[in-house]
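# Per-entry structural report
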Number of protein chains: 2
Amino acid sequence: MRTEISPVEVEQRVEHFKEAVRRAGVKLTHQRLEIFREVAGSVDHPSADSLFEALKTRLPMLSLDTVYRTLWLLHDLGLVSTLGPRRESVRFDANPLPHHHYICVRCGLARDFESSELNMLHIPALVSDFGSIDATHVEVHGVCKRCLAEPEAETKTRH
Amino acid sequence: MRTEISPVEVEQRVEHFKEAVRRAGVKLTHQRLEIFREVAGSVDHPSADSLFEALKTRLPMLSLDTVYRTLWLLHDLGLVSTLGPRRESVRFDANPLPHHHYICVRCGLARDFESSELNMLHIPALVSDFGSIDATHVEVHGVCKRCLAEPEAETKTRH
DNA sequence: CTGACTGCAAACCCTTTGCAGACCG
DNA sequence: CGGTCTGCAAAGGGTTTGCAGTCAG
């Protein structure tokens, strides 16, 4: 339920990031460092654009596409994840019953599953500090069978 | 864990749709009917475009923007929901600890919360039929305090 | 020094919108 | 018939990419 991240913790994460960068053999640029510091210090799951805006003062020469490239790099390094299934297009759900989702992180496949047990989760009371609670569901992420079978499956490079 | 929807059930949903359309006082066009039939009969949470492709044979004159308009209409009627936070931009998450999300369905605000109890959910065994299970988290949807406070909050019209 | 990285601008999607004609009620 | 709805085409907004100059290692 934290609403901010302590500077100390941000710097710990930054160290972890530096190590990961070194291990991956990619360059540690000023931009990458500051962009990482910014995501790591934010608690609101920012978009590329809002990070860009926040960084403008510190890095006046920064360009938005560098923010994108860096975020996907961080993603490939396993340092950040994305919110929601994907980045592609909106997807629609016409299932009127309470249900949960299985999402393939590789191809975006989505499937429903039911579980009366999961329909009655106990949500921490503090969550209602954020606002009303209208619906709750479980999201399971994995790699679907089809993607697991694909030979070039491990090619994590994109962008 | 169903992998398809029976024609009978689709038609039941179609009836429900017709009623909702009548109640809302909007017109029941051929396109709307077929588009609804298509989402209601699909289990893979299609995008507007894949619905469009699937409908092309039945409705050669259909245009993609009608699919979009209809889907958002269905959304406003409460007949379909969307997968994931929203449609705008990708959002990034740099929280390395296991955590869960609170999402405001109105403005997209996202916040983390922790719960050791929710970190150990029991996922139905059948889910692994879909593929590997790499991560599991709970998503709570609601309306955040700020949005609740806004006067023009009930204006559901968009698009 | 040299290849990886950045900034810029243009290209790319996916999605929305303005408008004139079509059709439901 | 009238107003809503559709199809078309063009605009919009977020994201990606090609290129030449720049900088980390």
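Here the residue numbering is sequential within each chain, running from 1 through the sequence in written order. Labels are handed out in written order, letters beginning with A for the chains and numbers beginning with 1 for the ligands. In keeping with the predicted nature of the model, local features appear solely for residues at pLDDT of at least 70, side-chain atom pairs appear and are counted solely at 80 or more, and the whole-chain, interface and lining totals rest on all residues. Each side-chain value is derived from all of the structure's non-hydrogen atoms; neither hydrogens nor water enter the calculation.

To qualify as a helix, a DSSP run of H or I must reach at least 4 residues; to qualify as a strand, a run of E must reach at least 2; elements of each kind are numbered from the N terminus. Summing up its helical and strand segments, chain A has five helices and five strands in all. In chain A, the succession of α and β elements from N to C terminus is α-α-α-α-β-β-β-β-β-α. For chain A, the spread of C-alpha atoms along the three principal axes comes to 50 × 45 × 25 Å. For chain A, with 159 residues in total, the buried portion stands at 47%. Put simply, 49% of the contacts in chain A that link residues at least 6 apart link residues at least 24 apart. Entry remark: accessible area of chain A is about 8,500 Å², with carbon and sulfur atoms responsible for 54%. Exposure classes here rest on a 1.4 Å probe applied to the protein chains alone. A residue is buried below 20% of its type maximum, exposed above 50%, and partly exposed in between. Whether two residues are in contact is decided by their heavy atoms: any pair within 4.5 Å suffices. Accessible areas in this description were obtained via Shrake-Rupley with a 1.4 Å probe; residue shielding takes into account the shown protein chains only.

We call a residue near a given molecule or strand whenever any one of its heavy atoms falls within 4 Å of it. Inspection of the region around DNA strand C gives 22 residues, with Lys27(A), Thr66(A), Val90(A), Lys27(B) and Tyr68(B) positioned closest. Atoms of DNA strand C within 4 Å of the protein: sugar and phosphate make up 68%, bases the balance. In the analysis that follows, any N or O atom pair within 3.5 Å is treated as a polar contact, provided that within protein one partner can donate a hydrogen and the other can accept it, and provided that, for residues neighboring in sequence, both atoms belong to side chains. One of the side-chain N or O atoms of Arg69(A) is found 2.9 Å from a base nitrogen in DNA strand C. At 3.0 Å, a side-chain N or O of Trp72(B) approaches a phosphate oxygen of DNA strand C.

A separate point is unusual backbone geometry. Residue and element names in this part refer to chain A. Despite not being glycine, His45 has its phi angle at roughly 50 degrees, a positive value. Looking at the secondary structure, you find His45 in the loop between helix 2 (30–40) and helix 3 (48–55). Looking at His45, the relative accessible area reads 3%, which means it is buried.

Turning to the pairing of strand 5 (residues 135–142) of chain A, a few remarks are in order. Most of strand 5 of chain A is tucked away, with six of its eight residues classed as buried. Strands are treated as partners if at least two bridges between them are detected by DSSP. As judged from the four bridges shared by strand 3 (residues 100–104) of chain A and strand 5 of chain A, these two strands associate in the parallel manner. Following the sheet pairing, Ile103(A) is matched in strand 5 of chain A by His141(A). One ladder, built from seven bridges, connects strand 5 of chain A with strand 5 (residues 135–142) of chain B; its direction is antiparallel. Within strand 5 of chain B, the residue paired with Glu139(A) across the bridge is His137(B).

The next point concerns the protein's contact with DNA strand D. In the vicinity of DNA strand D lie 21 residues, with Tyr68(A), Lys27(B), Gln31(B), Thr66(B) and Val90(B) positioned nearest. Taking the atoms of DNA strand D that fall within 4 Å of the protein, sugar and phosphate contribute 66% of them. For the surface near DNA strand D, the secondary-structure elements that each account for two or more residues are helix 4 (64–76) of chain A together with helix 2 (30–40) and helix 4 (64–76) of chain B. Gly is placed with the polar residues, together with every amino acid not listed as nonpolar (Ala, Val, Leu, Ile, Met, Phe, Trp, Tyr, Cys and Pro) or charged (Asp, Glu, Lys and Arg). Looking at the surface near DNA strand D, its residues break down into eight nonpolar, six polar and seven charged.

Residue and element names in this part refer to chain B. Axis lines are fitted to C-alpha atoms, over the contacting stretch for helices. Their N-to-C directions set the angle, which ranges from 0 to 180 degrees. At a minimum axis separation of 10 Å, helix 1 (residues 7–24) and helix 2 run at an interaxial angle of 135 degrees. Between helix 1 and helix 2, the crossing angle belongs to the class labelled oblique. Where helix 1 crosses over helix 2, the two elements pack in a sense that is right-handed. For the pair helix 1 and helix 2, the contacting residues are Val10, Glu11, Arg13, Val14, Phe17 and Lys18 in the first and Arg32, Leu33, Phe36, Arg37 and Ala40 in the second. Looking at the contact of helix 1 with helix 2 residue by residue, the class counts come to six nonpolar, no polar and five charged. Reported orientations rely on four angle classes, namely roughly parallel under 35 degrees, roughly antiparallel over 145, roughly perpendicular from 65 to 115, and oblique for the rest. By convention the crossing between two helices is left-handed if the near helix lies anticlockwise of the far one by an angle smaller than a right angle, and right-handed if it lies clockwise.

Right, let's get into the sheet that holds strand 4 (residues 110–113) of chain B. The mixed open sheet is built from six strands, whose spatial order is 4(A)-3(A)-5(A)-5(B)-3(B)-4(B). Of all the strands in the sheet, the pair left with one neighbour each is strand 4 (110–113) of chain A together with strand 4 of chain B. Strand-to-strand, the axes of this sheet are offset by a mean angle of 25 degrees, without reference to chain direction.

Moving on, we get to the interface of chain A and chain B. Listed per partner, the contact involves 67 residues of chain A and 65 residues of chain B. Taking both partners together, chain A and chain B bury about 6,000 Å²; carbon and sulfur atoms supply 60% of that area. For the interface between chain A and chain B, the tally reads 32 residue pairs in polar contact (both at pLDDT 80 or more). Listed by contribution, the elements that provide at least two residues to the side of chain A that touches chain B are helix 2, helix 4, strand 1 (81–82), strand 2 (92–93), strand 3, strand 4, strand 5 and helix 5 (145–149) of chain A. In terms of residue count, the dominant contributor to the side of chain A that touches chain B is strand 5 of chain A (eight residues). Defined here as a combined quantity, buried area equals the accessible surface (1.4 Å probe) lost by two parts on assembly, summed across both.

This brings us to the domain arrangement of chain A. Segmentation into domains, and thus their bounds, comes from an automatic or database assignment. What the domain assignment reports for chain A is domain 1 (7–91) and domain 2 (97–158). Computed over C-alpha atoms, the centres of domain 1 of chain A and domain 2 of chain A are 24 Å apart.

Time to look at the relation of the copies chain A and chain B. What relates the pair of chain copies is a rotation about an axis plus a shift along that axis. A residue counts toward the fit only if its pLDDT is at least 70 in both copies, and the copies are then superposed by least squares on the C-alpha atoms of those residues. With an RMSD of 0.1 Å, the fit of chain A onto chain B corresponds to turning through 180 degrees and sliding 0.0 Å along the axis. Such a combination of turn and shift is consistent with a two-fold rotation axis. A share of 97% of interface residues in chain A that are also interface residues in chain B marks the association as one of identical surfaces.

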